[in-house]
Amino acid sequence: MSSQKTNYSELAQYIPQNENEENYALLTHYLMMRDGEAKNAKRTELIQQFGFEEEKLDSAEELYRGKHIPFVAQQNPSFTFIDLFAGIGGFRIAMQANGGECVFSSEWDSAAKQTYYENYGEVPFGDITKPETKAMIPEHFDVLCAGFPCQPFSNAGLKKGIEDTRGTLFYHIAEILNLHKPKAVFLENVRGLISNDNGKTFQTVLRTIMSMGYTCNITPSQLENFSLIKLKTEASKMVLSAKDYGVPQNRPRIYIILWKDDLGINHFDYPQPLKKKISVGSILEKSVSDSYTISDKLWAGHQRRRIENEQKGNGFGYCLFNKDSLYTSTLSRRYYKDGSEILIEQKGKNPRKITPREAANLQGFPKEFQIPSSDVKAYQQFGNSVAVPVVTVLSEEIRRQILEV
């Protein structure tokens, strides 16, 4: 087990010292369970199979009773879900706000796991590609949520179902779906997934899940017979941008929702854009340290590269906004490097980068969300995240349709 200091090291005194790297996840997932038969069974499992001590579990329970956890599931939740490739929990905030209860989370990045713990009281399990990690998933849950990495499939188009996806991270999502058969699947990815490998990646993702008994707004016959142009047209109806749902960021992402065939749901109603427009000023802090103002050297470099790019016809190189701008460009994981994709104008001095809190605001995270102390980690984590307001409106519809069946 890593000796690196973490914000959940406070739990070290309660876990077995048996080198099981998932002890923190095991303990915290147990502590966040509601009292009842399932929690009692999990307690017995921790003691008998994983070496936890009964008295130490009691002490950990006492700690959690006095611990402030910003985001917990509502009482009497309406449905359950799992949070794969969880990052810092953008899916979780949205699903919990709509009556969902998270029963399993997984994330490999150590810094993101620390942020997740700070906000949800759970340390996510680690590498979901490991069979022992998959074995920790409860047998029954209603919705699988995942913002998965986009990878081309070398065997795409061979119509072998799940076998087409071997060697990719999506394969492990498919394995979990095939074993657990939840009611719904809720996936997020970059818009480029649609055209990746000339559309084969997108087709394989849908075909694989459909072959397990799921339905989405694109039918199997449409999927197999569409040209890439027609496929893009249909898939574009699944693309939503954050700027249309309450935060001023142009962040187009594809959101794929599928339902288990036996539920009788053959269509998902994607929400319409909100009519209310807001400006970049709505996410800006009133007082910002000069440390976020970019240096003369960096600003001169941005300007020089912009001129060079314009001459080559390669775009502008940096993006400048002010409080009256209707939206920014997309916040990315690499923002910490130079901030070039989103710079804020300042009167009488160089532009500045947005602060980590402004990055959280731009992604729609609530003001109570606990941000990493490292600016670099904060930019990486928010740049990787889903836009919470978009996932929230989609979660509302998922909840509505689940309750109707």
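Structure shown above.
Keep in mind that this is a model prediction, so the values were computed, not measured.

1. A short note on the overall build of the protein
Each helix and strand counted, the protein has 15 helices and 10 strands in total. For 405 residues, the compact-globule formula gives about 22 Å, and the C-alpha radius of gyration of the protein, at 22 Å, lands near that figure. Overall, the C-alpha framework of the protein stretches about 65 × 55 × 40 Å when taken along its three principal axes. Classification of the 405 residues of the protein by burial places 52% in the buried group. Relative to all contacts within the protein whose residues are 6 or more apart in sequence, the contacts with residues 24 or more apart total 67%. Carbon together with sulfur atoms contributes 47% to the accessible area of the protein, which is approximately 18,900 Å² in total. The positive charge centre, built from 49 side chains, and the negative charge centre, built from 49, are 8 Å apart in the protein.

2. Examining the packing of helix H1 (residues 23-31) against helix H3 (residues 54-65)
The interhelical angle for the contact between H1 and H3, taken along N-to-C directions, is 60 degrees, at an axis separation of 10 Å. The angle between H1 and H3 falls in the class oblique. Every pair of crossing elements has a handedness; the one defined by H1 and H3 is right-handed. Where H1 abuts H3, its residues Leu27, Thr28, Tyr30 and Leu31 lie against Leu57, Ala60, Glu61 and Tyr64. The residue inventory of the contact of H1 with H3, partitioned by class, reads six nonpolar, one polar and one charged.

3. Brief notes about helix H5 (residues 110-120)
Of all 11 residues making up H5, nine are buried, and the element is well covered by its neighbours. Every buried residue belonging to H5 is among Ala111, Ala112, Lys113, Gln114, Thr115, Tyr116, Tyr117, Asn119 and Tyr120, and all of these are buried. Contact partners of the buried residues in H5: H1, H3, strand S1 (79-84), helix H4 (90-97), strand S2 (100-105) and helix H14 (375-384). Measuring from the backbone nitrogen of alanine 111 back to the side-chain oxygen at the start of H5 gives 3.3 Å, which picks out aspartate 109 as the cap. At the exit of H5 stands glycine 121, carrying a positive phi of roughly 75 degrees.

4. Points about the pairing of S2
The element S2 is extensively covered by neighbouring structure, given that five of its six residues are classed as buried. Here S1 pairs with S2 via five bridges, running parallel. Looking across to S2, one finds that isoleucine 82 is bridged to phenylalanine 104. The handedness of the S1 to S2 crossover, carried by H4, is right-handed.

5. Notes on the pattern of salt bridges
Within the structure shown, the criterion is met by 27 salt bridges. Residue arginine 334 pairs with glutamate 341 through a salt bridge whose shortest N-O separation is 3.3 Å. With a relative accessible area of 34%, arginine 334 lands in the partly exposed category. Here glutamate 341 falls in the buried class, since its relative accessible area comes to 11%. Through salt bridges with shared partners, a single ionic network connects Asp269, Glu397, Arg400 and Glu404.

Conventions used here
- Within any chain, residue numbers begin from 1 and follow the written order of that chain's sequence.
- For a predicted model such as this one, the threshold for reporting local features is a pLDDT of at least 70, and the threshold for listing and counting side-chain atom pairs is 80 or more; totals across whole chains, interfaces and linings nevertheless cover every residue.
- Side-chain calculation: all heavy atoms of the structure are included, whereas hydrogens and water are not.
- Secondary structure follows DSSP: runs of H or I at least 4 residues long count as helices, runs of E at least 2 residues long count as strands, and numbering of each begins at the N terminus.
- C-alpha atoms define the radius of gyration, and 2.2 Å times the number of residues to the power 0.38 defines the globule rule.
- Residue burial is assigned from relative accessible area. The probe radius is 1.4 Å, only protein chains are included, and a residue is buried under 20% of its type maximum, exposed over 50%, and partly exposed in between.
- By definition, residues are in contact when any of their heavy atoms lie within 4.5 Å.
- Using a 1.4 Å probe, the Shrake-Rupley method yields the accessible areas, and only the shown protein chains count as cover for residues.
- This count recognises Lys and Arg as positive and Asp and Glu as negative, with His and chain-terminal groups excluded.
- Where a charge sits is defined by one atom per residue type, namely NZ (Lys), CZ (Arg), CG (Asp) or CD (Glu).
- Axis geometry follows a simple rule: fit a line to the C-alpha atoms, using only the stretch in contact for helices, then measure angles between N-to-C directions, giving values from 0 to 180 degrees.
- Angles are sorted into four bins: roughly parallel if under 35 degrees, roughly antiparallel if over 145, roughly perpendicular if 65 to 115, and oblique for all others.
- Each helix crossing is assigned a hand: it is left-handed if the near helix lies turned anticlockwise from the far helix by less than a right angle, otherwise right-handed if that turn is clockwise.
- Each residue is assigned to one class: nonpolar for Ala, Val, Leu, Ile, Met, Phe, Trp, Tyr, Cys and Pro, charged for Asp, Glu, Lys and Arg, and polar for all the others, Gly among them.
- In protein, a polar contact requires one atom able to donate a hydrogen and another able to accept it; more generally it is a pair of N or O atoms within 3.5 Å, and residues adjacent in sequence count only if both atoms are side-chain atoms.
- Strand pairing is assigned whenever DSSP identifies at least 2 bridges connecting the two strands.
- Convention used here: a crossover is right-handed provided that the path from the first strand, over the helix, to the second strand proceeds clockwise when the strands point away from the viewer.
- Definition used for salt bridges: Asp or Glu carboxyl oxygen within 4 Å of a side-chain nitrogen of Lys or Arg.

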